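# Close look at the chain arrangement
Below are the chains, spelled out letter by letter.
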Amino acid sequence: MPGLVTYIARRLIAYLLTVMIAITANFFIPRLIPGDPISALIDQMAQHGEVVSGGAEIVAAYKEQFGLNGTWMEQYFRYLWSLLRGDLGPSIMAFPTTVQELLVTALPWTMGLLLVATVISWVLGNLLGAMVGWRRDSKVNSALVVVSLSLNQIPYYFVALLLVFFFSYNLSIFPSSGGFSLIGGRPEGMRMVWDILYHATLPALSIVISSVGFWVITMRSMILSTLGEDYILLAEAKGLKRQVILNKYALRNALLPQVAAFGIALGFVMNGSILTETIFNYPGLGALLLSAIGNLDYNLLQGILLLTILSVLTANLILEILYPFIDPRISHGGD
Amino acid sequence: MTELALKVEDLKVWYWTDRGPVKAVDGIDLEVKKGERFGIVGESGCGKSTTAMTLLRLIKPPGSVEQGRILLDGDNLLDLNDEQMRSVRWSRISLIPQGSMNSLNPVVKIGSQITDAVTAHGDSVARAEAKAKIIEMLGMVGLPARVYNMYPHELSGGMKQRVCIAMAIILQPQVIIADEPTSALDVVVQRVVTQTLIKVQERLGAALVIIGHDMGLLAQLVDRLAVMYAGKVAEVSPAEDIYKDPLHPYTQLLIGSVPSVKEKKPLEGIPGLPPTLLAPPPGCIFHPRCPHATERCRAEVPQYREVRPGRMVACHLYE
């Protein structure tokens, strides 16, 4: 399959170019925020009544330590060079902890929460959407459409707040914050898994509830437009069983664009996690990003954004490579 | 027991709208003999495609069959339950669709789509033999065996239509409905596909009902031709008679409006427009456009009957 090799090579080149542009933007945009982190830190210390002797020299010394000395262009190339070595630099706000260490701690939480919640939402939404589209005459299904449309319009942080209010504050069924129990020591083994799931339920639920409506609505309209196709009519004329028509002739075709949309949705979800994690005080990337912005921690900020961009781009790269295998009309372009 | 493969009696198919029923098919009678090629011709909106879909009971709401009988070898299709109808479809009456371009699922291989038709009606033995049979049928319509493993987008329009023909004959039904089988193809391909269709039909001995709007093309293909107008059958005659001696004034005008390459004559259109089927005119439905219309035509619906041997017409002129 020489076509496949060229196709993947092309995608990879496009991928690397995009990453390069992203890294560049990622470097310069945080630096457009007024102020610089070291001065902010010194100011903070001074406000707390601490005496900072030899201010200017200390600032200069620290700037060098964090790679903030020299012009922006010098800093940029130094940044690229350290990136190539896989070094994201030290965090400014949590010095001497490195950015890598912070990311490695936070990433599993965010990935676990978001990936699982998004997959659940996608599967559930598509199942419901297919059902609603397939049996349009049912009253329950019409009601479901209205519910989905409404859910689709409610911001996820509002859902999160409502969930906290009812299930944590009023009913005290689920914890209102955190990713695991802090009191009474950390449980081990299966108990730890349960503890994490228990804490993840509400945040995940808020993401699922606020995003499932989108999948229901889009899947429904995909099914409806597919059902209007001539090949569905011919499938029926062939005397195929309804189950076969649904699975092989309607669902299969309607799902294809949904798979593509899933890749795009992953990107939006990564961004969306910030408020969810803040509301639930979840120890993930979103919360980390927020404090990085607050503390003007350039290194951490760059690290988080880079990770987010890389994960979205990689997800899309994988989808692009897989897509021709699930949709025969898209070829790997052997020209 | 009967010479007839298909008999339609007083069939009415209406589409319900807010302003009342649109009487797309309003009381038609048709008889198709076994092994016969039968054409249904008419302009857009005359109910010919609705008739075709009704023969397979594929009319969807807001359309509904209001009355009538469709006898397929003696069994009234309108009396069958859904599961019985499902098993009748394709095994006894199949369809060559109008839009062959979109009639094949774009993401399923040709072989698999034809196999579906076999497995829906056959046992496991039929399944095992299906592939050889399908490749044989593809060969019969002039397609190479490799088409079995191809996707629809890899085929030309004419090839797709041949696939549809191969698919329609795979279970050797007694009746094949072809709804404008060549309307989306260019003239050269039309001819080849039509020849394939006729060849296959003759080998199978099935009755073929061809729906079309091209009177010249249809008259060359079929044994008998029904002319439909505004949801009713105007005339049914052997194809050779209908050109030489059209009976119904609508047929006469229709033939007059077809250009001829042999002789130079002024083309004549039919004055006026087809009536709205929401509120059809009283009496003969053609009377507002008919040059021979009388008072009687305006008041009384003409009976559809045999006026000469083998020639049926619904017109007061022949009473």
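Residues numbered from 1 in each chain as written. Chains lettered and ligands numbered in written order. Predicted model: local features only at pLDDT ≥ 70, side-chain atom pairs only at ≥ 80, totals over all residues. Heavy atoms only, no water.

### Here we look at the overall build of chain A
A tally of helices and strands in chain A yields twelve helices and zero strands. The helix and strand sequence of chain A, counted from the amino end, reads α-α-α-α-α-α-α-α-α-α-α-α. Buried positions account for 41% of the 335 residues belonging to chain A. Within chain A, residue pairs in contact and separated by at least 24 positions form 75% of the contacts whose partners lie at least 6 positions apart. Of the roughly 17700 Å² that chain A leaves accessible, carbon and sulfur atoms contribute 70%. (Helix = DSSP H or I, 4+ residues; strand = E, 2+ residues; numbered from the N terminus. Buried < 20%, exposed > 50% of the residue type's maximum accessible area, 1.4 Å probe, protein only. Contact = heavy atoms within 4.5 Å. Areas by Shrake-Rupley, 256 points an atom, 1.4 Å probe, with all protein chains shown as cover.)

### Remarks on the overall build of chain B
Within chain B one finds ten helices and twelve strands. Radius of gyration (C-alpha) of chain B: 20 Å, near the 20 Å computed for a compact globule of 319 residues. Based on the C-alpha atoms only, the size of chain B along its principal axes is roughly 65 × 50 × 40 Å. The buried share among the 319 residues of chain B stands at 52%. Long-range pairs, those at least 24 residues apart, make up 65% of the contacts in chain B with a sequence separation of at least 6. Entry remark: accessible area of chain B is about 14100 Å², with carbon and sulfur atoms responsible for 52%. (Rg over C-alpha atoms; globule rule 2.2 N^0.38 Å.)

### So, the sheet that holds strand β3 (residues 37-41) of chain B
Pairing between the strands of a sheet comes from backbone hydrogen bonds, and it takes one of two forms, parallel or antiparallel. Residues and elements named next belong to chain B. A sheet is described by the order of its strands in space; here eight strands give the open sequence β6-β7-β8-β3-β9-β10-β12-β11, paired in mixed fashion. The sheet terminates laterally at β6 (93-96) and β11 (304-308), the two strands that pair on one side only. Neighbouring strand axes in the sheet, compared pairwise and without regard to direction, differ in orientation by 25 degrees on average. The pairing of strand β7 (residues 175-179) with strand β8 (residues 207-212) spans five bridges and is classified as parallel. (Pairing = 2+ DSSP bridges. Axes fitted to C-alpha atoms, helices over the stretch in contact; angles between N-to-C directions.)

### Some thoughts on the sheet that holds strand β4 (residues 63-72) of chain B
Residues and elements named next belong to chain B. Here we have four strands laid out as an open sheet, ordered β2-β1-β4-β5, and antiparallel in their pairing. This sheet does not close on itself; its edge strands, each paired only once, are β2 (20-33) and β5 (75-76). Pairing of strand β1 (residues 4-17) with β4 involves eight bridges; the strand directions are antiparallel. Paired with V13 across the strands is V65, a residue of β4.

### What to know about the side chain of Q201 of chain B
Residue and element names in this part refer to chain B. Note that Q201 resides in helix α6 (residues 187-204). The exposure class of Q201 is buried, given its relative accessible area of 3%. Looking at Q201, its side chain comes within polar contact range of the main-chain oxygen of G35, at 3.2 Å. (Polar contact = N/O pair within 3.5 Å; in protein donor to acceptor, adjacent residues only side chain to side chain.)

### Looking at helix α9 (residues 249-256) of chain B
All names here are of chain B. The element α9 is largely enclosed, with a buried count of six among its eight residues. Along α9, the residues that are buried comprise P249, Y250, T251, L253, L254 and I255. If you follow the buried residues of α9, they end up packed against α7 (215-221), β9 (224-229), β10 (232-238) and α8 (239-244).

### Points about the interface of chain A and chain B
Between chain A and chain B, the contact holds 19 residues from the first and 26 residues from the second. For the interface between chain A and chain B, the tally reads two salt bridges. For D116 of chain B, the salt bridge goes to K248 of chain A, with nearest N and O atoms at 3.0 Å. Summed over the shared surface of chain A and chain B, the number is eleven residue pairs in polar contact (both at pLDDT 80 or more). Among the elements of the structure, α9 (230-237) and α10 (242-279) of chain A are those that each provide at least two residues to the side of chain A that touches chain B. (Salt bridge = Lys/Arg side-chain N within 4 Å of Asp/Glu carboxyl O.)

### Focus: the confidence of the model for chain B
This prediction gives chain B a mean pLDDT of 87; 97% of its residues lie at or above 70. Confidence scores differ between elements of chain B, with helix α4 (residues 124-140) of chain B showing the lowest mean pLDDT of 82 and β3 of chain B the highest of 93. (pLDDT = per-residue confidence, 0-100.)

### Topic: the packing of aromatic side chains
What the rule picks out here adds up to 18 aromatic pairs over all chains. Relative to F174 of chain A, the ring of F167 of chain A lies with its centre 6.4 Å away and its plane at 65 degrees, an arrangement referred to as edge-to-face. Three or more aromatic residues joined by ring pairs form one cluster here, namely F27, F28, W72, Y76, F77 and Y79 of chain A. Looking at K23 of chain B, its charged tip hangs above the ring of W14 of chain B, at a distance of 4.9 Å from the centre. (Phe/Tyr/Trp six-rings, centres within 6.5 Å; stacked < 30°, edge-to-face > 60°. Lys NZ or Arg CZ within 6 Å of the ring centre and 35° of its normal.)

### Some details on the packing of helix α5 (residues 99-134) of chain A against helix α11 (residues 285-294) of chain A
Residues and elements named next belong to chain A. Taken N-terminus to C-terminus, the directions of α5 and α11 make an angle of 135 degrees; their axes are 8 Å apart at the nearest point. Between α5 and α11, the interaxial angle falls into the category oblique. Contacts between α5 and α11 involve L102, L103, A106, L107 and T110 on the former and, on the latter, L285, G286 and L288. By residue class, the composition of the contact of α5 with α11 is six nonpolar, two polar and no charged. (Parallel < 35°, antiparallel > 145°, perpendicular 65-115°, else oblique. Nonpolar A, V, L, I, M, F, W, Y, C, P; charged D, E, K, R; others polar.)

### As for the state of the cysteines
Residue and element names in this part refer to chain B. Across all of its chains, the model carries zero disulfides over all chains by this definition. Here C297 stays free of any disulfide, with the sulfur of C284 as its closest cysteine sulfur at 5.9 Å. Since its relative accessible area comes to 10%, C297 is described here as buried. (Disulfide = S-S within 2.5 Å.)

### Side note on the nonpolar core
Residue and element names in this part refer to chain B. Among the nonpolar cores identified, the biggest contains 94 residues, and L30, W90, V175, I177 and V209 are the most heavily contacted of them. Counting residues per element, this core draws most heavily on helix α5 (residues 157-169), which supplies seven residues. Ignoring anything within four residues of it in the chain, the contact list for V175 reads A5, L6, L72, R92, I93, S94, A207 and V209. (Core = buried A, V, L, I, M, F, W, Y, C linked by side-chain atoms within 4.5 Å.)

### Looking at the pattern of salt bridges
Residue and element names in this part refer to chain B. Taken as a whole and judged by the stated rule, the model has 21 salt bridges over all chains. Taking the shortest distance from any N to any O, the salt bridge between K7 and E9 comes out at 3.5 Å. In this structure K7 comes out as partly exposed when scored by relative accessible area, which is 23%. The exposure class of E9 is partly exposed, given its relative accessible area of 22%. Connected through salt bridges with shared partners, the residues K7, E9, E31 and R69 form a single ionic network.

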